[in-house]
Amino acid sequence: MSFRATVLTLYPEMFPGTLGISLAGKALEAGLWSLEATQIRDFATDRHRTVDDTPAGGGAGMVMRADILARAIDAASPQNDTRPRILMSPRGKPLTQRRVRDLAAGPGAVVLCGRFEGVDQRVIDARQLEEISVGDYILSGGEVAAHVLLDAVVRLLPGVMGNEASGTEESFEGGLLEHPHYTRPQEFEGLAIPEVLTSGNHAKIAAWRRAEAERTTTERRPDLLGQAVQK
Ligand code: SAH
């Protein structure tokens, strides 16, 4: 069975959005994955379809209600659903390529998009939501973060990427940032392509790329180095 994504959001019209275009969009059309965007307001109980309320303890903004979110989650993901339930959240674990790979190997994901100040902690606890962050900054809602997560996952699904090899040689896959790329023209504004790349010597090219990857990672992301796989 193909990867099944269910997104719970106040803005279902934001989906598929970018996920309906290019690689992910073609894969969606081909049935390599599926996407359902559910309106959380459909699970509200009052005439105004209210999903939020003022924060206990006071303070600015509004908080999404636990009871309404739980109803939306339970409808999207019954007890026997083995898909992980994810809450996009700046308080979550930073998303990594490793988590992306694991998700791509699984049955799919139920992704809850927060709005306002966030969601009542009790629904996170009671429904065992896995909180995932896409970076140390605040977005106005979880939808764009869900796009990031699903885009990263979908491109790894079997049959989605034309050249399967390109999925395993990229930044982060070996614990390193990728080497730089060059293509034609041979000379651009007086700058030549590094000679080794046009030498045809594949062992030399691989060694050069590895050295460049290590140099760039050391300069920019020394925190990644401890994780690098020795080749
Ligand atoms: N008051 C919260 C921020 C709320 S932003 C705080 O300070 O932590 C509103 C919603 O946007 C969040 O509930 C979450 O779903 C989403 N969001 C914002 N930034 C995010 C990030 N870096 N990663 C993932 N989701 C994010």
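Quantities reported herein were computed from a predicted structural model and do not represent experimental measurements.

What counts, and where the lines are drawn
- Residues numbered from 1 in each chain as written.
- Predicted model: local features only at pLDDT ≥ 70, side-chain atom pairs only at ≥ 80, totals over all residues.
- Heavy atoms only, no water.
- Domains from an automatic or database assignment.
- Near = heavy atom within 4 Å.
- Polar contact = N/O pair within 3.5 Å; in protein donor to acceptor, adjacent residues only side chain to side chain.
- Areas by Shrake-Rupley, 256 points an atom, 1.4 Å probe, with all protein chains shown as cover.
- 1 Å grid on protein atoms, 1.4 Å probe; cavity = no way out; pocket = protein on both sides within 12 Å on 5 of 7 lines; lining within 4 Å.
- Sits in = over half its atoms within 2 Å of the grid points.
- Helix = DSSP H or I, 4+ residues; strand = E, 2+ residues; numbered from the N terminus.
- Nonpolar A, V, L, I, M, F, W, Y, C, P; charged D, E, K, R; others polar.
- Pairing = 2+ DSSP bridges.
- Axes fitted to C-alpha atoms, helices over the stretch in contact; angles between N-to-C directions.
- Contact = heavy atoms within 4.5 Å.
- Buried < 20%, exposed > 50% of the residue type's maximum accessible area, 1.4 Å probe, protein only.
- Salt bridge = Lys/Arg side-chain N within 4 Å of Asp/Glu carboxyl O.
- Core = buried A, V, L, I, M, F, W, Y, C linked by side-chain atoms within 4.5 Å.

K.L.:
What exactly am I supposed to notice about the domain arrangement of the protein chain here?
P.N.:
How big an interface is tends to be reported as the loss of accessible area on association of its parts. Segmenting the protein chain into domains produces domain 1 (3–154) and domain 2 (169–227). Here domain 1 and domain 2 have C-alpha centroids that lie 36 Å from each other.

K.L.:
Please clarify how the site of the ligand should be interpreted in this entry.
P.N.:
Every one of the 19 residues lining the ligand counts as a neighbour, but Met88, Gly114, Glu117, Gly135 and Tyr137 are closest to it. One of the backbone N or O atoms of glycine 142 is found 3.4 Å from an oxygen atom in the ligand. Its free accessible area being 560 Å², the ligand has 85% of it covered by the protein chains. At a threshold of 2 Å from the grid points, most atoms of the ligand map onto the largest pocket. Contributing elements (two or more residues each) for the shell around the ligand: strand S5 (85–94), strand S7 (130–133) and helix H5 (142–154). Top contributing element to the shell around the ligand by residue count: S5, with four residues. Taken together, the residues of the shell around the ligand sort by class into nine nonpolar, eight polar and two charged.

K.L.:
Explanation requested: the sheet that holds S5 in the structure shown.
P.N.:
Strands in a sheet are paired, the pairing made by backbone hydrogen bonds, and the direction either parallel or antiparallel. What the five strands build is an open sheet, ordered S2-S1-S6-S5-S7; its pairing is parallel. The open sheet has two edge strands, strand S2 (33–39) and S7, and neither has a second partner. Geometrically, the sheet is characterised by an average inter-axis angle of 35° between neighbouring strands, direction not taken into account. Where strand S1 (residues 3–9) and strand S6 (residues 108–113) come together, five bridges link them in parallel fashion. Bridge assignment links threonine 6 to a residue of S6, and that residue is valine 110. Taken strand by strand, helix H2 (residues 66–76) contacts S1, S5 and S6, and its axis lies near 160° from that of S1.

K.L.:
Whenever I open this one, the side chain of threonine 217 confuses me. Can you help?
P.N.:
Within the secondary structure, threonine 217 is located in helix H6 (residues 202–220). On the basis of relative accessibility, which here comes to 0%, the residue threonine 217 falls in the buried class. Excluding residues that lie within four positions of it along the chain, threonine 217 makes contacts with Gly175, Leu176, Leu177, Pro222, Leu224 and Leu225.

K.L.:
In this structure, what is going on with unusual backbone geometry? I would like to understand it.
P.N.:
Of note, the bond from phenylalanine 15 into proline 16 is cis; its omega dihedral lies within 30 degrees of zero at 0°. Along the chain, proline 16 turns up in the loop between S1 and helix H1 (22–29). Arginine 184 connects to proline 185 through a cis peptide bond whose omega is 5°. Tracing the sequence through the fold places proline 185 in the loop between H5 and strand S8 (187–188). Not every positive phi belongs to a glycine, and glutamine 128 is a case in point at roughly 45°. Counting through the fold element by element, glutamine 128 comes out in the loop between helix H4 (121–126) and S7. For glutamate 189, which is not a glycine, the phi torsion comes out positive at approximately 45°. Along the chain, glutamate 189 turns up in the loop between S8 and strand S9 (191–192). Given a relative accessible area of 70%, glutamate 189 falls into the exposed group.

K.L.:
Please explain the pattern of salt bridges as it appears in this structure.
P.N.:
When charged atoms on two side chains of opposite charge get close, those side chains can pair. Counted according to the given criterion, the structure contains 12 salt bridges. Among the charged side chains, a network of salt bridges with common partners joins Glu212, Arg215 and Glu219.

K.L.:
How should I be thinking about H2 in this particular structure?
P.N.:
Structural remark: α-helix, 3.6 residues per turn; residues separated by three or four positions point the same way. Those residues of H2 that sit buried are Ala66, Ile68, Leu69, Ala70, Ala72, Ile73 and Ala76. Against S1, strand S4 (63–64), S5, S6 and H4 lie the buried residues of H2.

K.L.:
When you look at the nonpolar core in this model, what are you seeing that I'm missing?
P.N.:
Inside soluble globular proteins, nonpolar side chains tend to come together where they are buried. In terms of nonpolar packing, the biggest core is built from 28 residues, with Phe3, Trp33 and Met88 touching the most fellow members. At the level of secondary structure, the elements contributing two or more residues to this core comprise S1, H1, S5, helix H3 (97–104), S6 and H5. Here this core gets seven residues from one element, more than from any other, and that element is H5. Contacts of phenylalanine 3, omitting those with residues within four sequence positions, involve Leu32, Trp33, Ser34, Leu103, Ala104, Gly106, Pro107, Gly108, Ala109, Leu150, Val153 and Leu157. Among the nonpolar cores identified, the runner-up in size contains 20 residues, and Leu8, Ala72, Val110 and Ile124 belong to it.

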